[in-house]
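Listed here are the chains, written in short residue letters.
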Amino acid sequence: MRFGNHVITADANAVTDVDLDQTAITCCDGVVVLLCCPACRALWLHCDPHGHSWVDLTTTPRKLDRPRVDKCPSCGKGLHFDAGLATFLPSRSEVFAADLARYLVT
Ligand SMILES: [Zn+2]
Ligand SMILES: [Zn+2]
């Protein structure tokens, strides 16, 4: 079992909050974590517990106006976070493939 400070996962390949440079984005007092859409595999930064979403991460990151994300910012699929965020965490290879390695601490 690995422990993120905020999102806990047993998957050694999952990228969780401790793997991310928490200073890469200045949002609020939340914890940022990359989430991956199960339908289209789009990645975005999610600020928890507030639910702010940051997109366009490879160019100029921008915060969406929506107060709390409940659907994929890319394809619009409804997402259910009731069981926690762990099942939406991307793998390291997905983060590298999306050219988002700059957000990792290692
Ligand atoms: Zn925030
Ligand atoms: Zn999607």
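In the block above lies the structure referred to throughout.
Source: prediction; values computed, not measured.

A. Molecular detail of the nonpolar core. Within the largest apolar cluster, 19 residues are counted, with the highest numbers of intra-cluster contacts made by V33, L34, L35 and L89. No other element matches strand β1 (residues 31-36), which puts five residues into this core. Residues contacting V33, with those up to four places away along its chain left out, are H6, V7, T16, D17, L20, H46, D48 and L85.

B. The environment of V32, seen in detail. Note on placement: V32 falls in strand β1. Not counting residues within four places of it along the chain, the set of residues in contact with V32 comprises L20, Q22, I25, C27, L45, H46 and C47.

Reading guide: rules and limits
- Residues numbered from 1 in each chain as written.
- Chains lettered and ligands numbered in written order.
- Predicted model: local features only at pLDDT ≥ 70, side-chain atom pairs only at ≥ 80, totals over all residues.
- Core = buried A, V, L, I, M, F, W, Y, C linked by C-beta atoms within 7 Å.
- Buried ≥ 20, exposed ≤ 12 C-beta atoms within 10 Å, placed from the backbone.
- Helix = DSSP H or I, 4+ residues; strand = E, 2+ residues; numbered from the N terminus.
- Contact = placed C-beta atoms within 7 Å.

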